[in-house]
Amino acid sequence: MDKLRIYLVDDHKLFREGLKLLLSTQDFVRHIYEASNGREFIENLSFVDCDVVLMDIEMPGMNGIEATIEAMKMKPGLKIIVLSMYGDEQYYYKMIDAGAKGFLLKNSGIDKVVTAIQKVAEGESFFSEELLVNILNNMRDNKNDVPEVVDNDISERELEILYHVCRGLSNQEIADELFISKRTVDKHRANLLSKTGCRNTAALVMYAIKNNIIEI
């Protein structure tokens, strides 16, 4: 993996500087940018090249949802990981719709942060296990807030692919595990997006949780 340029967007200076210090010790990190809120991030984004953004949700001036929407307009290929806290579940769908590719609890250890960054940088999505539990519990408690399931005809093979997607496996890893070609996995994954009405892999994971396709 090429060395990555990472952008930290969080209004808590102590948290931001601590995470920056930890990430600066990682061999795969080339440079770390900082912003204290979404507005500052957007104003500087056009002047820097970054690969992965770690984005807080609730910030003064411009929150993480608004900043993610604007950032994806400016740089559609940008990879954004949400820095979440307990109680942020109400924002997950909005962040997925905005284009976020990963969700990470702010109390995660550095190993999990590194895993999330590397997976998202490689084009995958990432959900911390604790966060999946939060999402599941929130769905159970707030059923009316969950999008309706799209009527579809998902095959057994596609369900199998979806299960492995939720495990965080890449298309190549799924292909190796199921002894099929990566091209076949690509096709099944595209069919899943179409049949479920999901826009990206992160939304697929949410769909799988909603419909009890995966167990946590």
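Residues numbered from 1 in each chain as written. Predicted model: local features only at pLDDT ≥ 70, side-chain atom pairs only at ≥ 80, totals over all residues. Heavy atoms only, no water.

- Under an unreviewed UniProt entry, the chain has the name Response regulator transcription factor and belongs to Butyricimonas hominis.

## So, the overall build of the chain
Inference 1: Helix and strand counts for the chain stand at ten helices and six strands.
Inference 2: When the 216 residues of the chain are sorted by exposure, 48% land in the buried category.
Inference 3: Taking the intrachain contacts of the chain between residues at least 6 apart in sequence as the baseline, contacts between residues at least 24 apart amount to 66%. (Helix = DSSP H or I, 4+ residues; strand = E, 2+ residues; numbered from the N terminus. Buried < 20%, exposed > 50% of the residue type's maximum accessible area, 1.4 Å probe, protein only. Contact = heavy atoms within 4.5 Å.)

## What about the side chain of T68?
Inference 1: If you trace the backbone, T68 turns up in helix α3 (residues 64–74).
Inference 2: Only 2.7 Å separates the side chain of T68 from the backbone oxygen of G64, close enough to count as a polar contact.
Inference 3: Excluding anything up to four places from it in sequence, T68 contacts M55, I80, M95, A98, G99 and A100. (Polar contact = N/O pair within 3.5 Å; in protein donor to acceptor, adjacent residues only side chain to side chain.)

## Points about the UniProt feature "modified residue: 4-aspartylphosphate" (unreviewed entry) in the chain
Inference 1: The UniProt record annotates "modified residue: 4-aspartylphosphate" (unreviewed entry) at D56.
Inference 2: Counting through the fold element by element, D56 comes out in strand β3 (residues 52–56).
Inference 3: Judged by its relative accessible area of 3%, D56 falls in the buried class.
Inference 4: Those residues within four positions of D56 in sequence are excluded, and the remaining contacts are V9, D10, D11, G64, L83 and K106. (UniProt positions renumbered as here; feature names shortened; annotations may be inferred.)

## Side note on helix α1 (residues 13–23)
Inference 1: Along α1, the residues classified as buried are R16, L19 and L23. Taken down its axis, α1 places every buried residue within 70° of arc, on the same side. The exposed residues of α1 that point more than 90 degrees off its buried face are K13, L14 and L21.
Inference 2: Of the surrounding secondary structure, the elements contacted by the buried residues of α1 are β1 (4–9), β2 (29–35), β3 and α5 (110–121). (Arc of directions from axis to C-beta.)

## A closer look at the pairing of strand β5 (residues 102–105)
Inference 1: Residues of β5 alternate between two faces, with G102 and L104 on one and F103 and L105 on the opposite face, all of them buried.
Inference 2: Taken together, the four bridges between strand β4 (residues 79–84) and β5 define a ladder with parallel strand orientation. Bridge pairing in β5 places L83 opposite L104.
Inference 3: Note: β5 against strand β6 (residues 126–127), two bridges, orientation parallel. Directly across from F103, in β6, lies its bridge partner F127.
Inference 4: In this view, the connection linking β5 to its parallel neighbour β6 by way of α5 has left-handed handedness. (Pairing = 2+ DSSP bridges. Right-handed = clockwise from strand over helix to strand, strands pointing away.)

## A look at the packing of aromatic side chains
Aromatic rings considered in pairs are described by the distance between their centres and by the relative angle of their planes.
Inference 1: On inspection of all chains with the given rule, the structure shows three aromatic pairs.
Inference 2: Judged by centre distance (5.5 Å) and plane angle (35°), the ring pair of Y7 and Y33 falls under tilted. On the criterion of sequence distance, the pair formed by Y7 in strand β1 and Y33 in strand β2 is long-range, its members being 26 residues apart.
Inference 3: Between the aromatic rings of Y7 and F41, the centroid separation amounts to 4.9 Å while the plane-to-plane angle is 85°, which identifies the pairing as edge-to-face. Separated by 34 residues along the polypeptide, Y7 in strand β1 and F41 in helix α2 (residues 38–45) bring together distant segments of the chain.
Inference 4: One Lys or Arg, K106, reaches over the ring of F15 and ends 4.7 Å from the middle of that ring. (Phe/Tyr/Trp six-rings, centres within 6.5 Å; stacked < 30°, edge-to-face > 60°. Lys NZ or Arg CZ within 6 Å of the ring centre and 35° of its normal.)

## Some details on the nonpolar core
Inference 1: Judged by nonpolar contacts, the single largest core of 49 residues is most densely connected at Y7, V9, F41, V53, M55, L78 and F103.
Inference 2: Of all the elements, helix α10 (residues 201–210) adds the most residues to this core, at eight residues.
Inference 3: Excluding residues within four positions of it along the chain, F103 makes contact with I81, V82, Y92, M95, I96, F126, F127, S128 and L131.
Inference 4: Counting residues in each nonpolar core, the second largest holds 19 residues, with L83, V114, A116 and V120 among its members. (Core = buried A, V, L, I, M, F, W, Y, C linked by side-chain atoms within 4.5 Å.)

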